[in-house]
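Notes for the structure review
Chain by chain, the residues run as shown.
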Amino acid sequence: NLDKDYLPFFIASDYFMDEAIKISVGSLSPTVNWKELQELEFEIPGIEEQRRLVEVLIAANSLKERYERLLSSTDELVKSQFIEMFGNPETNSKGLPVATLPDLGENLDSKRIPITGGNRKSGEYPYYGASGIVDYVADYIFDDDLLLISEDGANLVARVTPIAFSTKGK
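Now for a look at the structure at hand. The model shown is predicted, which means the values in this text are computed figures rather than measured ones. (Residues numbered from 1 in each chain as written. Predicted model: local features only at pLDDT ≥ 70, side-chain atom pairs only at ≥ 80, totals over all residues. Heavy atoms only, no water.)

1. Re the nonpolar core
By size, the foremost hydrophobic cluster in this structure holds seven residues: Tyr6, Phe10, Phe16, Ala20, Ile23, Leu37 and Val54. Mapped by element, the contributors of at least two residues to this core are α1 (6-11) and α2 (14-22). (Core = buried A, V, L, I, M, F, W, Y, C linked by side-chain atoms within 4.5 Å. Buried < 20%, exposed > 50% of the residue type's maximum accessible area, 1.4 Å probe, protein only. Helix = DSSP H or I, 4+ residues; strand = E, 2+ residues; numbered from the N terminus.)

Okay, here's the thing in structure tokens:
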């Protein structure tokens, strides 16, 4: 009744994990008791549908892995292009002028006003978070050409989206 290749995908699914979490104990490090887990009932597609799903999921995983390799290669290409254009930043091999951020511009962080989602008044002006525009609000505090630099958030570690944004206007 269960294709052996389907089982790992099923166990990794949100459907399975949501049900397992419902019976977990402990808050800091939740654990699932096997005795309770084996009593859970799940809707499972027929064996032929499982085999079809396995083919699709294997293809999707393969595509995802190739995409991740492509992103990694692209990242390396961008790094090498940067070094070709500007030299090695650690050794300053091209003898470029060196400056600190305060030398390059004014830090306006003390002037920004963080507003939680529930307190924002909807409007036409972009409201930026650590990974870009997160909302549109009714008022603005800057009307200038600015460089916004993320200072926190998971994106600083994951680097899924840019950590700096150029903005113009309100």
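There's more to say after this.
2. Section: the side chain of glutamine 50
Structurally, glutamine 50 can be placed in helix α4 (residues 47-86). For glutamine 50, a relative accessible area of 0% gives the class buried. For glutamine 50, the side chain forms a polar contact with the main-chain oxygen of proline 45, separated by 2.7 Å. Once you skip the residues sitting within four places of it in the chain, glutamine 50 turns out to touch Asn1, Leu2, Asp3, Tyr6, Ile44 and Pro45. (Polar contact = N/O pair within 3.5 Å; in protein donor to acceptor, adjacent residues only side chain to side chain. Contact = heavy atoms within 4.5 Å.)

3. A few points about the pairing of strand β4 (residues 164-167)
When a strand is regular, its side chains alternate between the sheet's two faces. Only one face of β4 is covered, namely the one carrying Phe165 and Thr167; the face carrying Ala164 and Ser166 has none of its residues buried. Where strand β3 (residues 146-149) lies against β4, four bridges are found, and the strand directions are antiparallel. Among the inter-strand pairings, leucine 147 is bridged to a residue of β4, identified as serine 166. (Pairing = 2+ DSSP bridges.)

4. Focus: the pattern of salt bridges
Per the counting criterion, the structure on display carries eleven salt bridges. Note that arginine 52 and glutamate 49 form a salt bridge whose closest N and O atoms lie 2.9 Å from each other. Placement of both arginine 52 and glutamate 49 in helix α4 is noted, with a separation of three residues, approximately one turn of the helix. In this structure glutamate 49 comes out as partly exposed when scored by relative accessible area, which is 32%. As a salt-bridge pair, lysine 168 and aspartate 145 come within 3.8 Å of each other at their nearest N and O atoms. One end of the pair, lysine 168, is in the segment after β4; the other, aspartate 145, is in the loop between β2 (132-137) and β3, with 23 residues separating them in the sequence. Residue classification places lysine 168 among the exposed residues on the basis of a relative accessible area of 69%. On the basis of relative accessible area, aspartate 145 is assigned to the exposed category, the value being 51%. (Salt bridge = Lys/Arg side-chain N within 4 Å of Asp/Glu carboxyl O.)

5. Details of the packing of aromatic side chains
Per the stated rule, a full pass over the model turns up nine aromatic pairs. Look at phenylalanine 10 and tyrosine 15: their rings are 6.0 Å apart centre to centre, the planes differ by 75°, and that puts the pair in the edge-to-face class. Residue class for phenylalanine 10 comes out buried when judged on its relative accessible area of 8%. Taking the centre distance of 5.6 Å and the plane angle of 80° together, the rings of tyrosine 15 and phenylalanine 42 count as edge-to-face. Of this pair, tyrosine 15 sits in helix α2 while phenylalanine 42 sits in the loop between α3 (34-37) and α4, and the two are 27 residues apart along the sequence. Judged by its relative accessible area of 36%, tyrosine 15 is partly exposed. Looking at phenylalanine 42, the relative accessible area reads 21%, which means it is partly exposed. Among the aromatic residues, those joined into a cluster by ring pairs are Tyr6, Phe10, Tyr15, Phe16 and Phe42. (Phe/Tyr/Trp six-rings, centres within 6.5 Å; stacked < 30°, edge-to-face > 60°.)

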